[in-house]
Structures are given as structure tokens and as C-alpha cells.
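# Coordinates in review
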Amino acid sequence: MRRPTRRRKKTPAVSLKVLLCASGVLALTYHSITDVDLRGWGRAYHHHFQGHETVVRNLSLEKLPRLTMPHGVFLFGPDSQSVHIPEKLRFERNFTSEQLRLLEDHAIDLEFEEKRCASYGYGLPTNPRRRRLFLGSLIADDSMEVLRATSAEAYNIAHTVAFVESNFTFSRESRQLGYNLGSKRLYSLQQLYGDRTKVSVDYYVATPDEQGVNDDMFIEILQKDAIQFRWERNGMRPDDVGIYHDTDEMFTRDFLRALQICDVPQLRPNQDCKQPKIIAETLIMESSPLCITDFKLRSWYHPDASLGECIVRVGNSSLHPLAERDFHATRNGQTLPKEQDLLYNHTYGERPEAERVGDFDPERYKNGNYPLWTAHDIRIAVGGEMVGRSDGGPTAFHFHNFFENTDRLRVKYSTYGHADPAAANKPAWELQDDLKIAVKCALAEDLAVDESREVFDLPDRIRPIYYLDRKRRDRRHQKWRSIVEEEKRRYPNSTIDSSDAVEDYHYESSQNHTIASSDAVAEVPETPETDQPSPIIERAWDSSRSVVMGMATNQGLSLFQMFVTSLRATGFDGAVILGVSPNLGGDIAELLRTHNVTTKVIETAKSCTYNGYKDEKGNVLNTTESLWWDCPELYPDYKLTHARFVLYRDWLNECESCTDGVVLTDTSDSYFQRDPFATANRLGMRYPVMVFEEIDSIDNTHWLTDFPVRSCRKHTVGPTRMLCSGSTMGSRGGILSYLDAMVEEMDYWKTRDECRIDMPGDDQSIHNYLYYTGGLKDAVAIPHRTGPLH
């Protein structure tokens, strides 16, 4: 049965002249789909438009305010100040005291502001007040690491941060939205910029057959138009400042404050809008905050800023003629009639090439006023001044290619920007010269001796606020190193060019317009930080005065061989202390003797003295009958998985030669490829306590940690990285402190009904609970496969 055709309500005809006066936008209100009548488009456009509506419904976005364009639909999501974020997904950003000193800068100190302005060649107005800042960017699969870094610079400064996400990549590949309504990723993003800032993600729904130009970057150009619509929606005024940036770029906080208060020529009122841009002079970090390219040799030239009165939808469109733009809509593959094509040509897309380079037709712009600028114009067109610090320092940071894995790296280079269809089968160092620089940095033994790079800790240098925390930057660098090592294993026959030449990437160089880094977004809150970074141990660990300890009861010869033989084969000559069962077989005893292993015999208690643990149904257990219970005679009120921490503490206190590094590890599933202490020295990873993350796909919503912690502590650690309690490393003092904390918490658990759980892995629950609630002093979490222990 055929469904009856629904008649669409028609609207009165509107003249071309009226439409042009309305800032060149065909549909000016946030309307319902059924109220739209695009004259001249007919059935072909209606068919595409109904396709949009199907996509919108499938994405659960049909209730959002929208704006219909000839090339797609913009849908406007709620901002962070109007949305309810579930309590369990709320978090507070954690900053060190050094970071807070820079972030708590809301009071205006005239003497300080005058010096700030002078450092950029600006003066300070007589009665200064801060301008409002409106930020805008496209967003796709960008890493939370990058977003945390850029948002720290703008924390509680901006009035608005507007993101736009699309259901298509620039190369017309379909993609799933990552920041859909109600998603964890959206809620995390909306909390990064502080509660003074409105953060929103709007959506661009398009279908690639509607794009009339075969240009890799054309969808990007159209998508960016949503930014000025959001700025207008959020009340942007002509005296506000619009900043367009990719998600991996941001002006320094100091320069953001300068844009707010200084007498900047481009931000004075009554601009002619010919050259309104303020262009950053940008310090580049390639994949790691420790891979800083020498600013004198190589710099970037974004973000870009402009006064509101020169921005489309905000400035006076009667005063500033419309730019002629290059979007040519089609119908059934044919160009539209001339009058309609002229309308759209003046409305969407990119300026003519001559205008993009600042060559304006004097006949067209006789009144001395030039076109208003779109977000894309602000990004791409010539017309403004590059600003650096008077001392030669940068005004922005570019966190380039901060990937979480190489799969996401290849997504970027195969589907965005100038896509490379062969990217899926190339090693990272062959994808782009920038990545070659990053790979060499990861493989460098000593970054300080490379003259093409800057050392992070150089005095009087501006550095990203987020990475002033040493734990943060070390963690990221180790993550990048592990990615490169994995890439080398994946492509063993591909060599890395040994050339160390660094190309000059100053503003005058060829403009290679890439999008923000396309990384996987980690849906986890920030790792808790202490007020001060954990102190690194400056003196290298001496393996001969270090110790490896483990519990090895009820194990066969093959497991001892794997553990002990592999450890000694690395050249490790320190102490090895193992807890073993009574009556070891002769072969095992001989193996341990020849490899100089100290054994601690664990006699089993006839019965555990505490019979109060419960099974999964809440029934009190006789622990002598439990599969998981085996208490040592010395500590009969602890099951062995808990008692090992008490025993480790005893053994470490008894070992007079064990003065340097300490490793506590499981033995049944461990083997060694390198001396762990020599490796820690090489990596510069000598912290009092190092805890090690499990694989990325496992977090603390897993039952192993979530159920016991909720039962005992009425607390949820949430979607944080799970840490392995089977491998812990640190200094003697640090590990003794760690063991004290673990035993103290275990004593709490064994005295309360709701905490006595008959399962073997609840020591890992305690380990994670203590770390994520700040109970492990000076502990540093090491990302999976980036440290001396994996």
C-alpha cells in the first residue's frame, strides 16, 4: 500500500535582494524540517533532505535546534552551562600549586598587565576591561590528552568554546559521532574548560553527493560555518574576539590574557576588515611535550584571532560587502540556474583565490570596507599580523600528532586533510616528515644533545601549563616511545632516515593545512595528582644493591626456570628473594641455589584464625574449605594474597644490602628481557613508587576492582586505568611506605563484614583504591608497555 504524499506548506516568495541583505543566509531561523521550502531545488533536493532527516533520527539528534543549508544541516547541542551532567561523571580538574599560580589570574593588576602588554609590543588602555573570547574548532577523534593540554591554557578564560563534529570525514568517509548527546566523551569535554565557560558540540550532517566541488578540504570549509552560527547564538558582540584553532593548537594563556586587555591594533573598533587577523607564532611539539622543535628553526602559524565586528553573523553586513564564494550547488548533477547559483555562490564556501591572498578588487570595494570573515577565512586567508613575544618566545602551542596508538594515526592520514590512501600500510615515519621527527625524538637516548630540539626545562621559556607537571610530560613521552617501539616491531624491514635536518616551518613557508590530531579519546577522568609532582630519584639505581621479590609457592620447576633464569640472564646481580613452599624438589632447590636466590619458606597455617569472609551470596565461609584461602603460619589472619605484602615488608627490612631499587612481582607469569633497574635508569624513570597500568581496554569499572571497592568503601574508582597489583617498583623507602599503606588498608578490610570477600584478586582492588584516592604517597602510574615492567 502506498503511503499518501504529504503536501509541504509553501512560503511566500522572497527576492534575491532581500536574501543578500540578510547576510547571505537562506534560512535564518532555527526551524523545523517541515517548514523548509528551498525554492528551485525541487524533488532532488527534497530527496537528499529527507536523507538528512533519517541520519538525524538515527543519531538521536532530531530534537535539537537546527539550521538547514544547501549542503547539509547544522544541529546545535546544549552547552555545558545548560546541560545536566550525571553526578557519577562529574570531576574536578587537578592542578599542582605551580599550575594554579598561573591559572588563578582573574584579578587585574595594572602594573603587571602593562608589563604583559609591553612584552608583545602593545600598550595598556587607560581604563582597561577584558574583552570576551569566543573559541571555535572542528572536532573528530581527537585524544583527550590533547584536549586537556589545550584547555588548560584557556581554563576559565573563554566565554564560549564551540566545537563542530560531522558524520563524514573530509575525504567523504562515513564516521560515527564521538560526542553524541549524553555520551561520556561529551560530558568529559564539557568539564575541561572550567565552569565559567560555555562548551558545546554542534553537529554537521551531510551527504557527500551534495558537495559540488571535488576538493579534499571542501567539507571542512562548509562545516566550519557552524562556528559563527554558534558564536552568534551565544551572544557574540562586535567588540568580542573570535579565535579559530584546530583542537591541537592554542594560544598561550599569557597571550590570551593579552588579547583580552591590551591595546591591540587589530582589536580597535571601526575596522575596515581588510587585514583583521592576529596570527600566532607557535611552538611545535611533535607527539610528546619533550619533543620540542627548536623555535628558531621551525614554527607554526595558528591559531588565528579576529575582532567580532569583522566576523560573519556578528559584524555589520550592510557596511561590509559580501565576499563572492565558490560553493556551486547542483541538482541532478547539473549546475543551478544562474540566479540561484549566484545566491549560493555569495553565501557558502571559500573566497576567490585573489581575495584569499589579500588582493581585493577596488571596483567591488569602493567604500573602503572589506568582506566579513568566516571561521574558515580566519584560519586560511591572508590578512593580518603574526605576533611573537619581544623576547623571541612563542604566543601559541601546537601539540602535533599526540596519538594514543598508530591505528588512530593512520585514520588521520588516510581520511582527513590531503588523504593518503596507502597510509594504512606505511610505518609512521613514512607518513609525513613531521612524524619522522617525532619518531627520532622517541628513539633518542639523550634529547638534550640534539641541537634541533629544545629542552623542556630551559629557564625563562614559556611552556604549556598542562605539562608543567613532570609526571604528565614523562607519562606522555613514555607512551609515545612505546608506540614507536611497537611500530618498529610491526615494520622490521623499514629503516628510518638518519638525517636530522629540520625544515623551516615559519609562516612564509608553504601552508600545509592539516586538521587536529586524530587520536582515540580516552573516556577517563584525569589521573589524580598530588599538590607537587612526585620527586624523581636523581642518583641512578645500582642493580647490585637492588632486590626483586615475589611469592612462588606451589610452583613447578618450569615456572622457576622461566622467572629466575631469565632474570639472571639480563646481568642482574642484586638480591632475589622468593617465598616458596616447604619441601622443594631437588631440581628446584638446586636451580635456586645456583642462581643465588634467597628463599623464604612459607609454612601454611593449620587453619586461618579469621573465619568471617563471605562468598558472593553473603554466606560466611569456613576459610579452611575455600579454594582461595591459604594462610601463612606467621600471619594466620591474612589470606596469602594479602599476607604477601606483610611478608614483603618483613623481608625488605631484613635485607641490609637492599638499599636501592625494589621490584615486587608475580612470579608464575613473569620473565625478564632486561635488567629492570638498568632499564629504569635508561628511561629516567626512578620514582619512589611506580605502579603499572593494565592494557588500555580494561578500566576500573571491571568487576575485579569495582565490586570489592563499592562493597567495602561505598566508593567507585570509575573509568580510570586499572593498575596491576602484581608489579610494583620503586626505591626502598618508597616501597616500604607503599607496603605500610597496603597493609593498613587490608587491616581495615578484614575487620568489616562488608569488606571480607572470598576472591583472590581483591588486593588489586585495594591497590587501585589507594592510588586513585591519593593513599599512595609519591606514586606515579606508568602507562602500559612504556616502563621498565610491563
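Preceding this paragraph is the structure being described.
## Remarks on the packing of aromatic side chains
What the rule picks out here adds up to 23 aromatic pairs. Ring geometry for phenylalanine 360 versus tyrosine 365: centroids 5.5 Å apart, planes at 85 degrees, classification edge-to-face. With a relative accessible area of 10%, phenylalanine 360 lands in the buried category. Each member of the aromatic cluster is reached from another via a ring pair, and the members are Phe397, Phe399, Phe402, Tyr466 and Tyr467. Positioned above the aromatic ring of tyrosine 638 is the side chain of lysine 750, whose terminal nitrogen or guanidinium carbon lies 4.8 Å from the ring centre.

## Regarding the side chain of glutamate 281
Along the polypeptide, glutamate 281 turns up in the loop between strand 8 (277-280) and strand 9 (282-286). As a buried residue without a salt bridge, glutamate 281 has its nearest oppositely charged side chain in arginine 389, at a separation of 10 Å. If sequence neighbours within four positions are ignored, glutamate 281 has contacts with Phe295, Ser299, Trp300, Met386, Val387, Gly388, Pro394, Thr395 and Ala396.

## Regarding unusual backbone geometry
Geometrically, the link from histidine 302 to proline 303 is a cis peptide bond, its omega value of 10 degrees lying close to zero. By secondary structure assignment, the location of proline 303 is in the loop between strand 10 (292-293) and strand 11 (304-307). A positive phi angle, close to 65 degrees, is found at asparagine 270, a residue other than glycine. Relative to the assigned elements, asparagine 270 resides in the loop between helix 8 (253-261) and strand 8. Even without a glycine there, the phi angle at asparagine 401 is positive, about 60 degrees. Examined against the element boundaries, asparagine 401 turns out to sit in the loop between strand 15 (396-400) and helix 12 (406-415). For asparagine 401, a relative accessible area of 0% corresponds to the buried category.

## A few points about the state of the cysteines
One pass over the full model with this rule turns up five disulfides. Here cysteine 655 pairs with cysteine 658 through a disulfide, and the sulfurs are 1.9 Å apart. Judged by the sign of its S-S torsion, about 65 degrees, the cystine formed by cysteine 655 and cysteine 658 is right-handed. In this pair, the class of cysteine 655 matches that of cysteine 658, namely buried.

## Some thoughts on the packing of helix 20 (residues 703-713) against helix 21 (residues 732-749)
Closest axis-to-axis distance for the helix 20/helix 21 pair is 11 Å, and the angle between their directions is 65 degrees. One finds that helix 20 runs roughly perpendicular with respect to helix 21. Helix 20 and helix 21 meet at a crossing whose hand is left-handed. For the pair helix 20 and helix 21, the contacting residues are Pro708, Val709, Cys712 and Arg713 in the first and Glu745, Tyr748 and Trp749 in the second. In the contact of helix 20 with helix 21, the residues fall into five nonpolar, no polar and two charged.

## Describing the environment of glutamate 538
Tracing the backbone shows glutamate 538 in the loop between helix 15 (470-490) and strand 17 (547-551). Judged by its relative accessible area of 64%, glutamate 538 falls in the exposed class. The spatial distance from the C-alpha of glutamate 538 to the C-alpha of methionine 685 is 9.8 Å, given a sequence separation of 147 residues.

## Overview of the sheet that holds strand 2 (residues 72-75)
Pairing in this open sheet of nine strands is mixed, and the strands run 1-2-5-4-3-6-11-8-14 from one edge to the other. The sheet is open, and its two borders are formed by strand 1 (66-69) and strand 14 (384-387), each paired with just one other strand. The sheet shows a mean angle of 20 degrees between the axes of neighbouring strands, direction not considered. Pairing of strand 6 (residues 241-244) with strand 11 involves four bridges; the strand directions are antiparallel. Directly across from tyrosine 244, in strand 11, lies its bridge partner aspartate 304.

## Things to note about the packing of helix 20 against helix 22 (residues 762-772)
How two helices sit against one another is set out by the angle between their axes and by the gap between those axes. Remark: helix 20 packs on helix 22, axes separated minimally by 8 Å, with the N-to-C direction vectors making an angle of 75 degrees. As far as their axial angle goes, helix 22 and helix 20 are roughly perpendicular. Facing helix 20, whose interface residues are Leu704, Thr705, Pro708, Val709 and Arg713, helix 22 presents Asp762, Gln764, Ser765, Asn768 and Tyr769. Residue classes in the contact of helix 20 with helix 22 are distributed as four nonpolar, four polar and two charged.

## A closer look at the nonpolar core
Counting residues in hydrophobic clusters, the biggest one holds 46 residues, and the most contacted among them are Phe163, Leu189, Ile243, Phe251 and Phe255. Ranked by the residues each element gives to this core, the list is headed by helix 8, at five residues. When neighbours within four sequence positions are excluded, leucine 189 is seen to be in contact with Ile139, Leu147, Phe163, Tyr179, Val199 and Val201. Judged by nonpolar contacts, the second largest core, of 43 residues, contains Val547, Ile602, Val717 and Met746.

## Comments concerning the sheet that holds strand 22 (residues 723-731)
With mixed pairing, seven strands are arranged side by side in an open sheet as 19-18-17-20-22-21-23. Each edge of the sheet is formed by a strand with only one pairing partner; in this case those strands are strand 19 (598-601) and strand 23 (779-782). With direction set aside, neighbouring strand axes in the sheet form an average angle of 20 degrees. Inspection of the sheet shows strand 17 paired to strand 18 (residues 575-580) by five bridges, in the parallel sense. Paired with valine 547 across the strands is alanine 575, a residue of strand 18. Where helix 22 meets the sheet, it contacts strand 21 (689-693), strand 22 and strand 23, and its direction lies at approximately 60 degrees from that of strand 22.

Cut-offs and rules
In this convention, every chain numbers its residues from 1, walking through the sequence in written order. Given that the model is predicted, a residue must reach a pLDDT of at least 70 before its local features are reported, and side-chain atom pairs must reach 80 or more before they are shown or counted; all residues, however, enter totals for whole chains, interfaces and linings. Note: side-chain values were computed over all heavy atoms of the structure, leaving out hydrogens and water. Pairs were defined over the aromatic rings of Phe, Tyr and Trp, the Trp ring being its six-membered one, requiring ring centres within 6.5 Å. Orientation was assigned from the angle between planes: stacked under 30 degrees, edge-to-face over 60, tilted for the rest. Between buried and exposed lies partly exposed: a residue is buried under 20% and exposed over 50% of the maximum accessible area for its type, with that area taken using a 1.4 Å probe on protein chains only. A ring is considered to have a charge above it if a Lys NZ or an Arg CZ atom is located within 6 Å of its centre and within 35 degrees of its normal. Starting at the N terminus, helices and strands are each numbered in turn, a helix being any DSSP run of H or I of at least four residues and a strand any DSSP run of E of at least two. His is not counted here, nor are the chain ends, while Lys and Arg score as positive and Asp and Glu score as negative. Salt bridges are counted wherever a side-chain nitrogen of Lys or Arg sits within 4 Å of a carboxyl oxygen of Asp or Glu. Should any heavy atoms of two residues lie within 4.5 Å, those residues are considered in contact. To count as a disulfide, a pair of cysteine sulfur atoms needs to be within 2.5 Å. Fitted lines through C-alpha atoms give the axes, limited to the stretch in contact for helices. The angle between two N-to-C directions lies from 0 to 180 degrees. Orientation categories follow fixed angle ranges, with anything under 35 degrees roughly parallel, anything over 145 roughly antiparallel, 65 to 115 roughly perpendicular, and all other angles oblique. Each crossing is labelled by how the near helix is turned from the far one, with a counterclockwise turn of less than a right angle marking it left-handed and a clockwise turn marking it right-handed. Each residue receives one of three labels: charged for Asp, Glu, Lys and Arg, nonpolar for Ala, Val, Leu, Ile, Met, Phe, Trp, Tyr, Cys and Pro, and polar for the others, Gly being one of them. Here, a strand pair is defined by DSSP locating no fewer than two bridges between the strands. Each nonpolar core is a collection of buried residues, namely Ala, Val, Leu, Ile, Met, Phe, Trp, Tyr and Cys, held together in the definition by side-chain atoms within 4.5 Å.

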